[in-house]
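# Examination of the molecular architecture
The lines below spell out each chain.
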Amino acid sequence: MQPLFDFLAHNWWLVFPLSGLMGGWARSWQKATERRHQRRVELYRLRNHSVQAEQVALAEVESLMSAHDAVNRRWLDYELDVGKLIDFPLMTDVREPLTVAFLRAKREADGLRPPSAKDLAAPSRLEAYRAAVNSFEVAFSVAEREARRIRDTNFSGPERERLATARKLLRLAENDAATPAERQAAYKRARRELDGLIVLPDATVAALEERVAPMLDTGHSSDFPQR
């Protein structure tokens, strides 16, 4: 160690440049450490942003699917209830542009609906499904408002009487207190009253016959006007 002390004693002036060198190296090391830390922070932010974006997209798809289901349930309230269709016949009248518009919008939304929210990842598909669901919701609401506004005013007096009669007969056909013979007769008469007035969807006829069965002969279901 003595030679080192002798060297330093005779070359004490080297302390100044060495100090500067050491200081510069320390500052460089500190800056490099800060840059590594900044890169880690930025990488974390990017990963977190990607996860959040994926979660937001998944939540939006789930929200769209829920909105889609809500409109379908509103339609099923009509499709599975003959009495409601008699009260608001426009909902199945394909001669009405508003009815055609909402049925077309429904087919488009149903066709674009993914099996699950996770299956809809492409932004273009998400945008198309969003537009289809919004169009379906608007088209159905417009058709429903119009159907409730006009009700059965498009029918003549005798036709409205036939609708009222059919409504009463269907209530009798679904009445468990009535005898099987009464229910069957009421059901057949109701079909005759509705024939040529209202086009009932297949699902409506099936739901009605399921409620009225088993005492009815479902082989006559073809007497109902079909869509």
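Here we summarise the structure given alongside this text. (Residues numbered from 1 in each chain as written. Predicted model: local features only at pLDDT ≥ 70, side-chain atom pairs only at ≥ 80, totals over all residues. Heavy atoms only, no water.)

## Some remarks on the nonpolar core
- One finds I86, M91, F102, F140 and L194 to be the most contacted residues of the largest nonpolar core, which totals 36 residues.
- Going through the elements one at a time, α2 (15–79), α3 (82–87), α4 (97–112), α5 (123–150), α6 (157–173), α7 (180–194) and α8 (202–212) are the ones with two or more residues in this core. (Core = buried A, V, L, I, M, F, W, Y, C linked by side-chain atoms within 4.5 Å. Buried < 20%, exposed > 50% of the residue type's maximum accessible area, 1.4 Å probe, protein only. Helix = DSSP H or I, 4+ residues; strand = E, 2+ residues; numbered from the N terminus.)

## Re the side chain of E209
- Following the sequence through the fold, E209 ends up in helix α8.
- For the buried residue E209, which engages in no salt bridge, the nearest side chain bearing the opposite charge is R191, 4.8 Å off.
- Engagement of the side chain of E209 in a polar contact is seen with the side chain of Y187, the distance being 2.7 Å. (Lys, Arg positive; Asp, Glu negative; His and termini not counted. Salt bridge = Lys/Arg side-chain N within 4 Å of Asp/Glu carboxyl O. Polar contact = N/O pair within 3.5 Å; in protein donor to acceptor, adjacent residues only side chain to side chain.)

## Some remarks on the packing of aromatic side chains
- Inspection of every chain in the model, using the stated rule, returns four aromatic pairs.
- On the numbers, 5.3 Å between centres and 65° between planes, the contact of W75 with F102 is edge-to-face. In this pair, W75 sits in helix α2 while F102 sits in helix α4, placing the two residues 27 residues apart along the sequence. Each member of the pair W75 and F102 is classed as buried.
- Between F102 and F140, the aromatic rings sit 5.2 Å apart at their centres with planes inclined by 85°, giving edge-to-face as the arrangement. In this pair, F102 sits in helix α4 while F140 sits in helix α5, placing the two residues 38 residues apart along the sequence.
- Members of the aromatic cluster, joined through ring pairs, are W75, Y78, F88, F102 and F140.
- One residue, K84, lies across the ring of Y78, its end atom 4.4 Å from the ring centre.
- Above the ring of F88, the side-chain terminus of R148 is found at 4.7 Å from the ring centroid. (Phe/Tyr/Trp six-rings, centres within 6.5 Å; stacked < 30°, edge-to-face > 60°. Lys NZ or Arg CZ within 6 Å of the ring centre and 35° of its normal.)

## Observations regarding the packing of α4 against α5
- One way to put it is that α4 packs onto α5 with a least axis distance of 8 Å and a crossing angle of 155°. Between α4 and α5, the interaxial angle falls into the category roughly antiparallel. Once α4 is placed against α5, the crossing between them reads as left-handed. Two secondary-structure elements touch here, α4 through L98, A101, F102, A105, K106, E108, A109 and L112 and α5 through A128, Y129, A132, V133, S135, F136, A139, F140, V142, A143 and E146.
- Taken together, the residues of the contact of α4 with α5 sort by class into 15 nonpolar, one polar and three charged. (Axes fitted to C-alpha atoms, helices over the stretch in contact; angles between N-to-C directions. Parallel < 35°, antiparallel > 145°, perpendicular 65-115°, else oblique. Left-handed = near helix turned anticlockwise from the far one by under 90°. Contact = heavy atoms within 4.5 Å. Nonpolar A, V, L, I, M, F, W, Y, C, P; charged D, E, K, R; others polar.)

## Notes on the pattern of salt bridges
- Summed over all chains, the structure comprises eleven salt bridges.
- As a salt-bridge pair, R167 and D87 come within 2.8 Å of each other at their nearest N and O atoms. With R167 in helix α6 and D87 in helix α3, the pair connects residues that are 80 residues apart, well separated along the chain.
- Of the charged contacts, one joins R148 and E144 as a salt bridge, the two residues approaching to 3.9 Å between their closest N and O atoms. With R148 and E144 both in helix α5 and four residues apart, the pair spans about one turn of that helix.
- Looking at E144, the relative accessible area reads 13%, which means it is buried.
- The structure contains a network of salt bridges with shared partners spanning E60, E127 and R130.

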